[in-house]
Amino acid sequence: MKYIRSFLIFILLIPIRLYKYFISPMIGPSCRYTPTCSQYAVEALKKHGPIKGLYLTIKRILSCHPWGGHGYDPVP
């Protein structure tokens, strides 16, 4: 079970890392939160696992709009 969890986290981290290294530099800094949404996703997946980590990541990304929150928002 531990290996499946680690493998799922690894798979979920691939698109985040691709975004951080290839897309984010072209867009520039635009995150409303600290830590950034991509760093939040990495921390949430590593701390809470693939299911809850993915849920927290999606919830955070959906709150990133002009009427959403901003500021310091650590992984719970």
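Everything that follows concerns the structure shown earlier in this document.
A quick note: this is a predicted structure, and the numbers were derived from the prediction, not measured.

Right, let's get into the overall build of the chain. Counting its regular elements, the chain contains two helices and two strands. The helix and strand sequence of the chain, counted from the amino end, reads α-β-α-β. Taken over the C-alpha atoms alone, the chain extends approximately 40 × 25 × 15 Å along its principal axes. Taking all 76 residues of the chain together, the buried fraction comes to 25%.

Most often, soluble globular proteins have nonpolar side chains that are buried together. Among the nonpolar cores identified, the biggest contains six residues, and these are Ile9, Leu13, Ile16, Ala41, Val42 and Leu45. Once you skip the residues sitting within four places of it in the chain, Leu45 turns out to touch Ile9, Leu12, Leu13, Ile16, Pro50, Gly53 and Leu54.

A few words on the side chain of Ser38. Looking at where Ser38 falls in the secondary structure, it is placed in helix 2 (residues 37-62). Once residues lying within four places of it in the same chain are set aside, the contact partners of Ser38 are Ile16, Tyr19 and Lys20.

With that settled, consider the packing of aromatic side chains. The geometry of an aromatic ring pair comes down to the distance between the two centres and the angle between the two planes. Evaluation of the coordinates by the stated rule reveals zero aromatic pairs. A cation over an aromatic ring shows up here: Arg60 above the ring of Tyr40, its NZ or CZ 4.4 Å from the ring centre.

This part is about unusual backbone geometry. A cis geometry characterises the amide bond from Thr34 onward to Pro35, with omega recorded as -5°. Along the polypeptide, Pro35 turns up in the loop between strand 1 (33-34) and helix 2.

Structurally, the position occupied by His65 is in the loop between helix 2 and strand 2 (71-72). With 33 residues separating them along the chain, His65 and Arg32 place their C-alpha atoms 8.5 Å apart.

The topology assignment puts Gly68 in the loop between helix 2 and strand 2. Along the primary structure Gly68 and Pro50 are separated by 18 residues, whereas in three dimensions their C-alpha atoms are 25 Å apart. Setting aside residues up to four positions removed in sequence, Gly68 forms contacts with Arg32, Tyr33 and Ser63.

On to helix 1 (residues 2-27), then. End to end, helix 1 covers 36 Å across 26 residues, agreeing with the expected 38 Å (1.5 Å per residue, within 8%). At Lys20, helix 1 is bent by approximately 40°, the largest bend along its length. Within the span of helix 1, buried status applies to Ile9, Leu13 and Ile16. The elements touched by buried residues of helix 1 are helix 2. Of the residues one or two after helix 1, Gly28 is the one with positive phi, at around 90°.

Rules used throughout
Residues numbered from 1 in each chain as written. Predicted model: local features only at pLDDT ≥ 70, side-chain atom pairs only at ≥ 80, totals over all residues. Heavy atoms only, no water. Helix = DSSP H or I, 4+ residues; strand = E, 2+ residues; numbered from the N terminus. Buried < 20%, exposed > 50% of the residue type's maximum accessible area, 1.4 Å probe, protein only. Core = buried A, V, L, I, M, F, W, Y, C linked by side-chain atoms within 4.5 Å. Contact = heavy atoms within 4.5 Å. Phe/Tyr/Trp six-rings, centres within 6.5 Å; stacked < 30°, edge-to-face > 60°. Lys NZ or Arg CZ within 6 Å of the ring centre and 35° of its normal. Expected span 1.5 Å × (residues − 1). Bend = angle between axes of the 7 residues up to and from the residue.

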